[in-house]
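The lines below spell out each chain.
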Amino acid sequence: MRRALLFFWENSSPTTGLVLDRASADGGETRRVASSAATGFGLTAFCIAAARRWMDREALRARVLAALRHYARDAAHEHGWFYHFVDADTGARVWNCEISSIDTALLLGGILTARQFFADAEITALADAIYDRVDFQWMLNGHPTLLSHGWKPETGFLANRWDSFCELQILYVLGMASRTRPLPDASWWAWRRPWMEYAGYRYVSGADPLFVHQYSHAWLDFRGRKERSGEGIDWFQNSRTATLAHRAFCIDLGRTRFPGCYSADLWGITASDSRKGYVAWGGPPAHPAIDGSLVPCAPGGSLMFEPDVCRRALETMRERFGERIWRRYGFVDAFHPVDGWTNPDVIGIDLGIMMLSAENAQTGAIWRWFMSFAPVRRAMDRVLTPPSRRPGRNI
């Protein structure tokens, strides 16, 4: 966790607070593309660092303020929604990217966590200004309940909508919690919940990488809750089951297609870099690009669900492959255990989900901070039963 914090500290701009999308695993990064999602994870990482007294609280507060002042006053936005990728120093749009609904939601996860953790008048005012400006009804683009993936100034709204289970939960909860332009509660019930079965495990999932079962849970505390309608889905248990099913899937890959690559204590494939570029691989079902590579953030992001099996996987990776994969900021983004390929980069959102998941597994602090924001808590209460227990999962 300390090495992940070092990534967010060394690779965020002191003037804008924006966090780089990726960096060299050995440090010294010169590329300057930041992402709104990585910044959301970074703001949360700074709260963890302040709570654990790993760094000076005032220095961390100053970096958080830099980000919030930028997003409140200077950042380009459309109806309160932000671009996916921007220049870290100027905030200018890069790669002709989209105004992204999900990446704005992940950014808001960090902004509202900082609001609740620091309990600082200026941070609160800026966070409120940013959140209350987001027009969730505009992002519906005429649909009564389902949000668009985003918008581009050149072409308008993107064609796809958030209409089937994935990492979308935080987006819809924040929309229902909005104090200015809220979504109807019907939006929560509007997206599909497809069921998956693998190796005796049954859970809600599409053919998506494991990260879709992790990101919303970094901030939203689903423990002990079930949906008030339909099949009464327990989303925390669903992510636990998805983690175990993915581990079984990798073990099967090790027995069949990729011997020596995967085992009971060496597993994990989720969206990451590959030797052919970034790929949203995973399973089950098996993504066609799978080549035997391992992705540490797959088990790392599930520490909050299944701490024992996930910790063993990470410890096995570090023990077997050492400094080849354990660098300045922790694990490299991906590597091949047999043929020697090692990704030279780390990616902010992948380090971020590992750090936040580890903190929740150890202390539940992010859940506690984020859920103390009353509008979010009230929105979840309308669609989920009250928490029946607090498992207190520790690693």
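The coordinates are above.
**Considering the overall build of the protein**
In step 1: Of regular secondary structure, the protein possesses 14 helices and 15 strands.
In step 2: By the compact-globule yardstick of 21 Å for 395 residues, the protein fits well, its C-alpha radius of gyration being 20 Å.
In step 3: For the C-alpha atoms alone, the extent of the protein along its principal axes is close to 55 × 50 × 45 Å.
In step 4: Each of the 395 residues in the protein was classed as buried or not, and the buried ones make up 63%.
In step 5: Across the protein, contacts joining residues at least 24 apart in sequence account for 69% of those joining residues at least 6 apart.
In step 6: The positive charge centre, built from 46 side chains, and the negative charge centre, built from 42, are 4 Å apart in the protein.

**Section: the packing of aromatic side chains**
In step 1: Following the criterion strictly, the structure yields 25 aromatic pairs and no others.
In step 2: Measuring from centroid to centroid gives 4.9 Å for F165 and W235, while their planes differ by 15°, and the two rings are stacked. Residue F165 is found in the loop between β8 (156-157) and α7 (169-177), and its partner W235 is found in helix α9 (residues 235-255); the two are separated by 70 residues along the sequence.
In step 3: A residue is classified by how much of its surface remains accessible, and F165, at 3% relative accessible area, is buried.
In step 4: Looking at W235, the relative accessible area reads 1%, which means it is buried.
In step 5: With 6.0 Å between their ring centres and 75° between their planes, Y198 and F249 make a pair best called edge-to-face.

**Quick word on unusual backbone geometry**
In step 1: Along the chain, G283 connects to P284 via a cis peptide bond; the corresponding omega equals 0°.
In step 2: Position of P284 among the secondary structure elements: in the loop between β12 (277-279) and α10 (297-300).
In step 3: In this chain, P284 is followed by P285 through a cis amide linkage whose omega measures -5°.
In step 4: The phi dihedral of A119 is positive, around 45°, even though this residue is not glycine.
In step 5: Inspection of the secondary structure puts A119 in the loop between α4 (101-118) and α5 (121-133).
In step 6: Residue classification places A119 among the exposed positions, given a relative accessible area of 66%.
In step 7: A positive phi angle, close to 50°, is found at A199, a residue other than glycine.
In step 8: Within the fold, A199 resides in the loop between β9 (195-198) and β10 (201-204).

**Here's the deal with the nonpolar core**
In step 1: Membership of the largest hydrophobic core comes to 141 residues, with the highest contact counts inside it found for L68, L174 and V376.
In step 2: Excluding residues within four positions of it along the chain, L174 makes contact with A105, L108, L112, Y131, F136, F370 and V376.
In step 3: In this structure, M196, Y203, A245 and A298 belong to the second largest nonpolar core, which totals six residues.

Thresholds applied
- Residues numbered from 1 in each chain as written.
- Predicted model: local features only at pLDDT ≥ 70, side-chain atom pairs only at ≥ 80, totals over all residues.
- Heavy atoms only, no water.
- Helix = DSSP H or I, 4+ residues; strand = E, 2+ residues; numbered from the N terminus.
- Rg over C-alpha atoms; globule rule 2.2 N^0.38 Å.
- Buried < 20%, exposed > 50% of the residue type's maximum accessible area, 1.4 Å probe, protein only.
- Contact = heavy atoms within 4.5 Å.
- Lys, Arg positive; Asp, Glu negative; His and termini not counted.
- Charge placed at Lys NZ, Arg CZ, Asp CG, Glu CD.
- Phe/Tyr/Trp six-rings, centres within 6.5 Å; stacked < 30°, edge-to-face > 60°.
- Core = buried A, V, L, I, M, F, W, Y, C linked by side-chain atoms within 4.5 Å.

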